[in-house]
Amino acid sequence: MSSEKANDVFISILSFLLIFGIFRILPCHKEETNKPKMVEKDENEKEDEKQEDEKSGFFHAVKDFIHDVGEKIEEVVGFGKPTADVAAVHISSINVDKADLVLDLVIKNPNPVPIPLIDINYSIESGERKLVSGLIPDAGTIHSHGEETIQVPVTLAYADIKNTYHDIQPGSILPYRVMVDLIFDVPILGRLTLPMEKTGEIPIPYKPDVNVEKIQFERFSTEETVAILHMKIENKNDFDLNVNALEYEVWLGDVNIGGAELPKSATIEKGGINFIDIPVTFRPKDFGSAVWDMIRGRGTGYTIKGNVDVDTPFGAMKLPISKVGGTTKFKKKKDCDGDDDNKDK
Ligand SMILES: *[C@@H]1O[C@H](CO)[C@@H](O)[C@H](O)[C@H]1NC(C)=O
């Protein structure tokens, strides 16, 4: 009986030891593996046992690294998000039909690995009006530790803009906002969109108005006649035009009497008027009676067509000039001595 009881007690003690032992062994073991790390840690950190566990060991570090990669990567490997800016918007060419713009996008990649740029999508707005938008796929790769300027060509077609927005006046200057989204594929971080924008102004150029006030004959013969066309030119733009040259062809009635390319320096202020004298040399005997009738003052119709090369605050432009079926006075030089009323206007 007593041996049976002793046996029970023994089993109980054994069980106790066994169970207690298992619970003791585990924390003991854990404590030992943690020991080297614990040494470095202060009181505060000890409190957060859970976090301690996460951070201990290589695999935890990797897990941490992957979970919290956005920040970790920057600290640990020197990884960072690329940065970008619309550094400049150039007007590469502009005329009454369209403006070709080039956006200079400066992109910096601080990372030790190249970053593929997936898409560039952009839009240009003026107020609430969308002027143009587009997307450039596979725009290239930004080198590691690199800075690159990507040039994005954008064309503003004025006909489209004027057809869409009737309130946009030719000759006016539009404020604009360029918005660009760069979509990168950054290793580990994944797809990243970098938005940026820049504002500026773009003109909607308008062709100058021209009228020939009078045609004056400098030298007159059937072999060679030199006539000066006193052309009134009106700048219908909200910006100054500095005329450098003009190209023109002239018709009397419907006879083309020739034309020329003429270097000419003149400034026509915004909304202003200027007078430019343009010479034409022709042989009246080559032409029929219509020209003679014109010269004798019996006909009046003239046509002038051409271009003016101008500098503007927005760059150089070639603007068309044309006047079809205009009427004018014909004068001999002797009639006009002292008649310089509009030369310096
Ligand atoms: C880029 O495309 C997306 C999707 O079409 C659009 O939501 C976003 O506004 C575009 N960004 C720009 C700058 O046009």
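Position numbers for residues count from 1 along each chain, tracking the sequence in the order it is written. Two thresholds apply to this predicted model, a pLDDT of at least 70 for residue-level local features and 80 or more for giving and counting side-chain atom pairs, whereas whole-chain, interface and lining totals are computed over all residues.

Concerning unusual backbone geometry
In this structure, Asp-138 takes a positive phi of about 45° despite not being glycine. Secondary structure elements follow DSSP: runs of H or I of four or more residues count as helices, runs of E of two or more count as strands, with numbering from the N terminus. Tracing the backbone shows Asp-138 in strand β4 (residues 129–142). In this model, His-145 sits at a positive phi of 45°, which is unusual for a non-glycine residue. Relative to the helices and strands, His-145 is located in the loop between β4 and β5 (146–157). Residues with at least 20 neighbouring C-beta atoms inside 10 Å of their own are called buried, those with 12 or fewer are called exposed, and the rest are partly exposed, where every C-beta is derived from the backbone. For His-145, a count of 13 C-beta atoms within 10 Å gives the class partly exposed.

Looking at the confidence of the model for the protein chain
Put simply, the protein chain has an average pLDDT of 79, and 72% of its residues get 70 or more. Every residue carries a pLDDT, the predictor's confidence in it, which falls somewhere between 0 and 100. Each residue is represented by a C-beta atom placed from its backbone, and any two residues with such atoms within 7 Å are regarded as in contact. Confidence drops under a pLDDT of 50 for residues 9–47, and excluding neighbours within four residues, the segment shows five contacts in the predicted structure. Taken together, the stretch residues 336–345 has pLDDT below 50 and engages in nine contacts with residues farther than four places along the chain or on a different chain.

Some words on the pairing of β4
Judged from the eleven bridges that link them, strand β3 (residues 115–126) and β4 form a sheet pairing that is antiparallel. Following the sheet pairing, Tyr-122 is matched in β4 by Gly-134. At least two bridges found by DSSP between two strands is the condition for calling them paired. Counting the residues that bridge the hairpin from β3 to β4 gives two residues, and of these Gly-127 lies at a positive phi of roughly 60°.

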